[in-house]
Amino acid sequence: MVNAEFTHAGFTTTTISCVSALIGFKHTLLACPMNNAERIIQYLSDNTTGACDDCLSVQLKIKPRQQVNRICRKLQREGKITRGKERCPGRDGLKIVNKLVIKY
Ligand SMILES: [Zn+2]
């Protein structure tokens, strides 16, 4: 499953599997910069308690925060993450917390 948005133009010949391959991303072997969606997936795979948009924005330095929101809602539509109101581990109060959907 290769989404056009996750394809790095010009480096489509060789693909390898990285951490996030289990949820369907493919990286190029050459110059493999993770895009923001992949970095969010990576972060959530390391932080299984989840993180809200604010925390993702701060931790991953993705600005503005609205971009995190946009990416996360897209990942949710694709079934890769869930978004639910609960207490974010990193903040006070109820937030929309993103969690990775693990597929076995
Ligand atoms: Zn948070």
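For the structure itself, consult the block above.
Residues numbered from 1 in each chain as written. Predicted model: local features only at pLDDT ≥ 70, side-chain atom pairs only at ≥ 80, totals over all residues.

A. Representation of the packing of helix α2 (residues 53-60) against helix α3 (residues 65-77). At a closest axis distance of 9 Å, the pairing of α2 and α3 adopts a crossing angle of 115 degrees. Note on packing geometry: the crossing formed by α2 with α3 is right-handed. Across the interface between the two elements, D53, D54, L56 and S57 of α2 pack against R65, V68, N69 and C72 of α3. When grouped by side-chain class, the residues that make up the contact of α2 with α3 number 3 nonpolar, 2 polar and 3 charged. (Axes fitted to C-alpha atoms, helices over the stretch in contact; angles between N-to-C directions. Helix = DSSP H or I, 4+ residues; strand = E, 2+ residues; numbered from the N terminus. Left-handed = near helix turned anticlockwise from the far one by under 90°. Contact = placed C-beta atoms within 7 Å. Nonpolar A, V, L, I, M, F, W, Y, C, P; charged D, E, K, R; others polar.)

B. Region of interest: the packing of helix α1 (residues 36-46) against α3. One can describe the packing of α1 onto α3 by two numbers: an axis separation of 10 Å at closest approach and a directional angle of 75 degrees. It follows from the interaxial angle that α1 and α3 lie roughly perpendicular. Where α1 abuts α3, its residues N36, A37 and I40 lie against Q67, I71, C72 and L75. Of the residues that constitute the contact of α1 with α3, the class distribution is 5 nonpolar, 2 polar and no charged. (Parallel < 35°, antiparallel > 145°, perpendicular 65-115°, else oblique.)

C. Representation of unusual backbone geometry. Residue P64 follows K63 across a cis peptide bond; omega there is -10 degrees. Topologically, P64 is positioned in the loop between α2 and α3. Of note in this structure, K61 is not a glycine but carries a positive phi near 55 degrees. Following the sequence through the fold, K61 ends up in the loop between α2 and α3. On the basis of neighbour counts, which here come to 9 C-beta atoms within 10 Å, the residue K61 falls in the exposed class. (Buried ≥ 20, exposed ≤ 12 C-beta atoms within 10 Å, placed from the backbone.)

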